[in-house]
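# Per-entry structural report
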Amino acid sequence: MSSLLALTFSALLVAAPPVELPVAVPASTDDPLARDVWAEVVAPSGATLRLPAFPSADGSWAVRTTAAEAGEYRLVADSARAFVVPTPNTLPAVRIDPADTRRFATSTGEPYVPIGTNLSWTIGMEVVDYYRARFAQMREAGLNWTRIWMCHWGGLNLDWLPGDDATVQPAPGTLDETVAARWDAVLALAEENGIRVQVVLQHHGQYSTLVNPNWDANPWNAANPGGFLASPADFFTDERARELTRRKYRYIVARFGHSPAVMAWELFNEVHWVDALRIDRDVATVAAWHDEMAAWIRAHDPHRRLVTTSTDWLRTPIYASMDFLQPHLYGADMIAAVRHLDLPESAKTRPVFFGEIGDDNIPLTDAQKAASIATMPPVWSALMGDSFLPAQIWYGERLLESGRWQELAAVAAFLRATRIAERDLEAFQPRVATARTRPLTIIPAINWHPDRPDVLEISTDGRESPALARVPGHVVSEENGARSGFPSGFTLRLVYPENTDTRLVFAGAGAPGGMVDVLVDGAPIARHVWPARAADAGTPLGETTLALRLAAGPREITLRNTEGPDWFRFARFETGLRQPILGAVGRRSDDFIALWVWHRENIHELGRPTATKGTITIDALPPGDWSLTWWDGASGKPSRARFVRHSGGDLALETPSIARHAALVLERR
C-alpha cells in the first residue's frame, strides 16, 4: 500500500467524541476517588451498558463510553438526559485474536499488526501540539502504534507534576484535572490518526534508587512533605500505596477507557529495574502486585482494553496475568538478538513483541548514532524471528530528525503488502555464498539477561546461526548465577576444517574481581583472574586476549565463571574461520517464503557503500510456479516480480547488488 493509500484509508476513520453523560451522585464527605460509582446507559440499539463513573474537580460526576452507534444514549436512571451521536466512531478496538491468540485483531475481526515507534514524552514542544504533529506524521507513514508514559517530566502524570520540588506536588491520592484534560486531547488525536497507544501507568525510575532513579523526588517518599513510603520497595506492599494506586487506575479506566485508541494499559515500564527486584529480588511480591492490579483494571473496564507490562525476563511470573508480553532489547548484536525469545510454554499462546529496541550497546560512532543507521535493521530482522511481530523503535524522535522516517514507512508497506506477520511460517536460515568473505567473529548479542544458554551451535556453512542471538556479554559466578538467574558459563560448538589459530577476547570484570576458565572439549586449558580493584577506579580495564590453537574437527569451547567472585565481560571470539559478506534469515511455509538479506560489513556504514551480489540457496523448495519479488529495504518499493518454474528440491537464487539490506518474497502460484 502506498503512502497515499494509507492516507486515504486513515481519512475514512471517524473519531467521534465519546458519549459523556452526567451522573447525579449523593453528596458525601468521603474521598471521591474512593467511591465506587457506576451508572447504566442505554445505547441506541437498546443494549444496556454498565459504566464506571469518575469525578471532576468541581464535584460533578460523569460516565463515558465509545460513540459506537448513531443515535441517542440515555441514562437508565435519568431518561431525560441524552447524548446524541450523529456519526459513530469507526476506529475499532484492539483485542487478542480469538482464532490465534498469538496475534492481535480488531473488534471488527481484521488483523492488527502493531508497527510504529515510542513517543513516550514530549521533546521541546507543548504536549498536545507535539502529539498532533507526530501522530499526523505517523499516519502519513502508515504507522499505527506508540507508547506514551505517565511520567512527570512529560506533563502526563496525574499525581506528580513536572519538576522535582516535592513541596509543590499534589498530595498523595490527589489527581490533577489539567493533566487529565491533556490526556483527553492526546487520545482524541490518536483516534483521529488511527494510532493505538500503550498507556504506561508507572515507570521503574519512580521506585528505583539505582536505575534512572526518581525516588528522591517522588511525592510518596516519606522523606518528602506528605510522603509515606519508607522505601521504593514498599510501593508494592504498603496497603495505602496499593489503595491509592487502585483508586487512580479506576479513575484512568473510567475517564480514558472509552477511547479505542487505547490498545493497552501497561502497568510498568521495565519493572525489573525497581529496587524490589534489582536489590531485593522479591519476584513473588512484584508478581502478586501485577496480578492484583490487572484484576482490578479488568473488573472496572467495561471496554476490555488489554493489560500488559514490560520486563526483559520472559519466564517471570510477573507476566502471568498479562494479555501479551512486552520485552525490551538493547543488545550489542541487535540483528541476532532480536530474533530470539526465551519463552516458557505458558507464553507461547500469547502475543509477544519487543516494545523497545535501541542501539545503545552497539559499538557505533556518535555520527552513526545521530544518523540512526543501526535503528532499522533490527526491525526487519525481528520479522524473521521467534516473535514475527515488528520490534518497536525507542528512538523515534531521532529517527525522524535523521531523515530515516521513510525507512520505517517501508517496513509498514512491506507488512501490508505481504501480510508476513499474519501467516503461519517457520523461521529458517538459507545458505549464502559470496565471492568475498570476512572473518567469522562471535560477539555478545545481549548484556545483562537471565537467559542461561548451554551449548550454542555455530554454523560454518554460510548459514546465519540462530544461536548467535543467545551469546551473553556478562558471565557471573556460579553462586551469583544460581541466585540471580544470569549465566555463569556457556559453550560454543563449531566444526573446524583444519587446525586453526583463534583468539578469545575479554573486556574486564567487576570491581570485586573475576575469573574465567576456558575448556576445549571439556578439558581445562586456560584460566585468567582479574584482581579486585576500587569500584571508582578511574582507569578502565583494557582487553585481555587468550590465544587458542584448535585442532580440525568438531570443537566445543566453554567459558565458565566457576568462582568469580564477580562477573567477567566476554568481548568476542575470533574463530579463525570465514563467512559470506551477505547474511540471510527468513520465514517459510510450503507456498510462501520471506527473506531478509543484509551486508554484514556495510549495514552500519554511512555514505554510499559498495554493493555486493551473492547466491542464496533455499533447501527443499516445493515444486511449482513461484513468483520472486525483491524489496528495497530503505524505500519499501518492490521490484517487478519474476517467475520461476521449479521441479522441487534446492533452489539457488542470485541476489541483486545489495549495499545494505533488502528483502525477498517468494510465493507459489
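How each quantity is defined
- Residues numbered from 1 in each chain as written.
- Predicted model: local features only at pLDDT ≥ 70, side-chain atom pairs only at ≥ 80, totals over all residues.
- Heavy atoms only, no water.
- Helix = DSSP H or I, 4+ residues; strand = E, 2+ residues; numbered from the N terminus.
- Rg over C-alpha atoms; globule rule 2.2 N^0.38 Å.
- Buried < 20%, exposed > 50% of the residue type's maximum accessible area, 1.4 Å probe, protein only.
- Contact = heavy atoms within 4.5 Å.
- Areas by Shrake-Rupley, 256 points an atom, 1.4 Å probe, with all protein chains shown as cover.
- Lys, Arg positive; Asp, Glu negative; His and termini not counted.
- Charge placed at Lys NZ, Arg CZ, Asp CG, Glu CD.
- pLDDT = per-residue confidence, 0-100.
- Pairing = 2+ DSSP bridges.
- Axes fitted to C-alpha atoms, helices over the stretch in contact; angles between N-to-C directions.
- Left-handed = near helix turned anticlockwise from the far one by under 90°.
- Nonpolar A, V, L, I, M, F, W, Y, C, P; charged D, E, K, R; others polar.
- Expected span 1.5 Å × (residues − 1).
- Core = buried A, V, L, I, M, F, W, Y, C linked by side-chain atoms within 4.5 Å.
- Parallel < 35°, antiparallel > 145°, perpendicular 65-115°, else oblique.
- Salt bridge = Lys/Arg side-chain N within 4 Å of Asp/Glu carboxyl O.

With that settled, the discussion passes to the overall build of the protein. Secondary structure assignment for the protein yields 12 helices and 35 strands. Taking 669 residues into account, the globule formula puts the C-alpha radius of gyration at 26 Å, and the protein, at 27 Å, falls close to it. Seen through its principal axes, the protein has C-alpha atoms that stretch 90 × 65 × 40 Å. By residue count, 58% of the 669 residues in the protein fall in the buried class. Across the protein, every contact between residues at least 6 apart in sequence was considered, and the portion connecting residues at least 24 apart equals 73%. Accessible surface, the protein as shown: approximately 26,200 Å² in total, 51% of it carbon and sulfur. Side-chain charges in the protein split into 65 positive and 79 negative, and the spacing between the mean points of these groups amounts to 6 Å.

For the protein, per-residue confidence averages 94 on the pLDDT scale, and 97% of positions sit at 70 or higher. Segment residues 1-11 is flagged for pLDDT under 50; beyond a separation of four residues in sequence, or across chains, it makes 12 contacts in the model.

As summarised here, the arrangement of the 4 strands in space is S11-S12-S13-S14, forming an open sheet in which the pairing is parallel. Either end of the sheet is taken by a strand with one partner, and the two such strands are strand S11 (145-149) and strand S14 (306-308). The mean angle between the axes of side-by-side strands here comes to 25 degrees, regardless of whether they run parallel or antiparallel. Bridging between strand S13 (residues 262-266) and S14 involves 3 bridges; their strand directions are parallel. Bridged to tryptophan 265 within S14 is valine 307.

Closest axis-to-axis distance for the helix H4 (residues 239-256)/helix H6 (residues 283-300) pair is 9 Å, and the angle between their directions is 35 degrees. As for the relative orientation of H4 and H6, their crossing is right-handed in sense. Contact residues: Arg242, Thr245, Arg246, Tyr249, Arg250 and Val253 in H4; Trp289, Glu292, Met293, Trp296, Ile297 and His300 in H6. Split by residue class, the contact of H4 with H6 holds 6 nonpolar, 2 polar and 4 charged.

Right, let's talk about helix H11 (residues 405-418) for a bit. An α-helical turn contains 3.6 residues, so a residue and the one three or four places further along point in the same direction. For H11, with 14 residues, the first-to-last C-alpha span of 20 Å sits near the 20 Å given by 1.5 Å per residue. Taken together, the buried positions of H11 are occupied by Trp405, Glu407, Leu408, Ala409, Ala410, Val411, Ala412, Ala413, Phe414, Leu415 and Thr418. Against helix H2 (127-140), helix H9 (377-383), helix H10 (396-401), strand S30 (592-599), strand S32 (624-632) and strand S35 (661-668) lie the buried residues of H11. A positive backbone phi angle near 55 degrees is found at arginine 419, which sits one or two residues after H11.

Okay, the sheet that holds strand S24 (residues 514-520) next. Sheet strands pair via backbone hydrogen bonds, and the direction of the pair is either parallel or antiparallel. Spatial strand order, S20-S22-S27-S24-S25: 5 strands in an open sheet with mixed pairing. The open sheet terminates on both sides in strands that have one partner only, identified here as strand S20 (455-457) and strand S25 (523-530). Within the sheet, the average angular offset between the axes of one strand and its neighbour, ignoring direction, is 20 degrees. Bridge count for S20 against strand S22 (residues 489-496) is 3 bridges, and the pairing is parallel. Bridge pairing in S22 places valine 455 opposite threonine 491.

Here we take up the environment of leucine 33. Residue placement: leucine 33 occurs in the loop between strand S1 (19-23) and strand S2 (38-42). Owing to a relative accessible area of 15%, leucine 33 belongs among the buried residues under this scheme. In this structure, the C-alpha to C-alpha distance between leucine 33 and valine 529, residues 496 residues apart in sequence, is 59 Å. When neighbours within four sequence positions are excluded, leucine 33 is seen to be in contact with Pro55, Gly173, Leu175, Arg247 and Tyr251.

This part covers unusual backbone geometry. With omega at 10 degrees, the peptide bond leading from glycine 564 into proline 565 counts as cis. With respect to the helices and strands, proline 565 occurs in the loop between strand S27 (553-560) and strand S28 (568-580). Of note, the phi angle at aspartate 521 is positive, near 55 degrees, even though the residue is not glycine. Note on placement: aspartate 521 falls in the loop between S24 and S25.

Attention shifts here to the nonpolar core. The biggest cluster of nonpolar side chains holds 124 residues, and the ones touching the most others in it are Phe135 and Trp265. In terms of residues, this core owes the most to one element, H4, which gives 8 residues. Not counting residues within four places of it along the chain, the set of residues in contact with phenylalanine 135 comprises Leu119, Thr146, Ile148, Val186, Leu189, Ala190, Asn193 and Ile195.

Looking now at the packing of H2 against helix H3 (residues 177-192). One way to put it is that H2 packs onto H3 with a least axis distance of 9 Å and a crossing angle of 15 degrees. When the interaxial angle is binned, H2 and H3 end up roughly parallel. Handedness of the crossing formed by H2 with H3: right-handed. Seen from H2, the contacting residues are Val127, Val128, Tyr131, Arg132, Phe135 and Arg139; seen from H3, they are Arg182, Ala185, Val186, Leu189, Ala190 and Glu192.

Take the pattern of salt bridges next. Oppositely charged side chains can form a pair if their charged atoms are brought close together. Applying the stated criterion to the full structure yields 48 salt bridges. The closest approach of N and O atoms between glutamate 601 and arginine 436, which form a salt bridge, is 2.7 Å. Remark: arginine 436 occurs in the loop between strand S18 (431-433) and strand S19 (437-442) and glutamate 601 occurs in the loop between S30 and strand S31 (615-621); sequence separation between them is 165 residues. Residue classification places arginine 436 among the partly exposed positions, given a relative accessible area of 44%. With its nearest N and O atoms 2.6 Å apart, the salt bridge here joins arginine 527 to aspartate 517. Of this pair, arginine 527 sits in strand S25 while aspartate 517 sits in strand S24, and the two are 10 residues apart along the sequence. We classify aspartate 517 as buried; its relative accessible area is 12%. It is possible to trace a salt-bridge network through shared partners that takes in Asp31, Glu239, Arg242, Glu243, Arg246, Arg247 and Glu292.

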